[in-house]
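Next come the chains, spelled out residue by residue.
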Amino acid sequence: MKTGANQQELERLMELARKAAENSYSPYSKFRVGAALRLTNGETVTGTNVENVSYGLTICAERAALVRAVSQFGPGVRIAAVAVANLNGTASPPCGACRQVLAEFIEPEAAVVFPAADATRTMSFSELLPLGTEMKLK
Ligand SMILES: [Zn+2]
């Protein structure tokens, strides 16, 4: 078990992520994704992917949830655990852009649970993006 959340908590987060995916706006890809973040303040925030006809403007569920968390709780939010789910029955680990954006607010040992090619997988954030939380501007 990775740090940041116990198994029961991760299952609850996965369920919230699946529920958030039901709100997906994905008329182009039909790829319905949800994310749930557990914050260190004990709160949970969800997000879903929102596509755009100009494809590059699409925002992923993970970043949508993060933007919501900062909007709701302020710039000091810290992420303790992340769950990603989709309604398409396929793998959906957080994309590179989301990993970089999450790095700004996440604990290095936060658990990240997501559908992988074979099964649901749990990894620490530092395994997903080594050195990601060490990037700082001086
Ligand atoms: Zn992404």
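In this report, we go over the structure that sits alongside the text. (Residues numbered from 1 in each chain as written. Predicted model: local features only at pLDDT ≥ 70, side-chain atom pairs only at ≥ 80, totals over all residues. Heavy atoms only, no water.)

Concerning the sheet that holds strand E5 (residues 120–124)
Point 1. Ordered in space as E2-E1-E3-E4-E5, the 5 strands form an open sheet in which the pairing is mixed. Only two strands of the sheet have a single partner each, and these edge strands are strand E2 (44–48) and E5. On average, each strand axis in the sheet is tilted by 15° relative to the strand beside it, whichever way the strands run.
Point 2. In this sheet, strand E3 (residues 79–86) lies alongside strand E1 (residues 33–39) in antiparallel orientation, the contact comprising 7 bridges. If you follow Val33 over to E3, its bridge partner there is Asn86.
Point 3. Relative to the sheet, helix H2 (residues 61–73) contacts E1, E2 and E3, its axis offset from that of E2 by approximately 135°. (Pairing = 2+ DSSP bridges. Helix = DSSP H or I, 4+ residues; strand = E, 2+ residues; numbered from the N terminus. Axes fitted to C-alpha atoms, helices over the stretch in contact; angles between N-to-C directions. Contact = heavy atoms within 4.5 Å.)

A short note on the nonpolar core
Point 1. Formed by 24 residues in total, the largest nonpolar core has its most connected members in Leu37, Leu39, Ile79, Val82 and Phe114.
Point 2. Once residues within four sequence positions are removed from consideration, Phe114 is found in contact with Val84, Ser92, Pro93, Pro94, Ala119, Thr120, Arg121, Met123 and Leu128.
Point 3. Of all hydrophobic cores here, the second largest spans 11 residues; its members include Ala5, Leu10, Ala17 and Ala83. (Core = buried A, V, L, I, M, F, W, Y, C linked by side-chain atoms within 4.5 Å. Buried < 20%, exposed > 50% of the residue type's maximum accessible area, 1.4 Å probe, protein only.)

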